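So the chains spell out like this:
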Amino acid sequence: MVAPSSDEVLFEIRVLGNSAQVSAIHVPTNTEVKVICPAALPTTLMQKAALRRLLWVLNRSKKP
């Protein structure tokens, strides 16, 4: 699952002890989601988890 190339997604990672809070913001719709991951997880996997949640939220809002 990859966001369309014309859409911009911003990521923010905050490490809180052994956990990391990852925020993903879809700029065109100003939609934000947050996920909690282990802090030892590689950054790319943290971003992938947040992006998957963001795409799920965006697709859910499109349904009638």
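Q: Give me the overall build of the protein: which residues, what numbers.
A: Secondary structure summary: the protein contains one helix and three strands in total. Looking at the protein residue by residue over its 64 residues, the buried ones come to 30%. Partitioning the contacts of the protein with sequence separation of at least 6, the portion at a separation of at least 24 is 29%. Approximately 4600 Å² of the protein is accessible, and the part contributed by carbon and sulfur atoms is 54%.

Q: Quick one: what's the story with the nonpolar core, residue by residue and with numbers?
A: Residues Val-22, Ala-24 and Leu-54 are the most contacted members of the largest nonpolar core, which totals 14 residues. Those elements giving two or more residues to this core turn out to be β2 (19-26), β3 (31-38) and α1 (43-62). Sorting elements by how many residues they give to this core places α1 first, with seven residues. Each residue touching Leu-54, except ones within four places of it in the same chain, is listed here: Val-9, Ala-24, Ile-25, His-26, Thr-31 and Val-33.

Q: With reference to specific residues and values, describe unusual backbone geometry.
A: With a phi angle near 55 degrees, Asn-30 is a residue other than glycine that sits in the positive phi range. Inspection of the secondary structure assignment puts Asn-30 in the loop between β2 and β3.

Q: Residue-level account of the pairing of β3, with values.
A: Here eight bridges tie β2 to β3, and the two strands are oriented antiparallel to one another. Bridging from a neighbouring strand, Ser-23 pairs with Lys-34 of β3.

Q: Describe in detail the pairing of strand β1 (residues 9-16), supporting the description with residues and values.
A: Note: β1 against β2, eight bridges, orientation antiparallel. Bridging across to β2, Leu-16 finds its partner in Ser-19. Linking β1 to β2, which pair antiparallel, is a turn of two residues; within it Gly-17 sits at a positive phi near 70 degrees.

Q: So, the sheet that holds β1: which residues are in play, and what are the values?
A: Read from one edge of the open sheet, three strands run β1-β2-β3, paired in antiparallel fashion. Taken across any chain shown, the strands that pair with only one partner, and hence form the sheet edges, are β1 and β3. Adjacent strand axes in the sheet meet at a mean angle of 20 degrees when their direction is disregarded.

The rules behind these values
- What you see as residue numbers is a count from 1 along each chain, following the sequence as written.
- Reporting in this predicted model follows two pLDDT cut-offs: at least 70 for local features of residues, and 80 or more for side-chain atom pairs to be given and counted; totals over whole chains, interfaces and linings ignore these cut-offs and use all residues.
- Hydrogen atoms and water are omitted, and side-chain values are computed over all heavy atoms in the structure.
- Strands here are runs of E lasting at least two residues and helices are runs of H or I lasting at least four, both read from the DSSP assignment and numbered beginning at the N terminus.
- Buried residues are those whose accessible area, probed at 1.4 Å on protein chains only, stays under 20% of the maximum for their type, while exposed residues exceed 50% and partly exposed ones sit between those limits.
- Any two residues having at least one pair of non-hydrogen atoms within 4.5 Å are treated as being in contact.
- For the accessible areas, the method is Shrake-Rupley and the probe is 1.4 Å, while residue cover comes only from the protein chains on display.
- In these notes, a set of buried Ala, Val, Leu, Ile, Met, Phe, Trp, Tyr and Cys residues joined through side-chain atoms within 4.5 Å is what counts as a nonpolar core.
- DSSP bridges decide pairing: two strands pair if at least two such bridges lie between them.
- Axis lines are fitted to C-alpha atoms, over the contacting stretch for helices. Their N-to-C directions set the angle, which ranges from 0 to 180 degrees.

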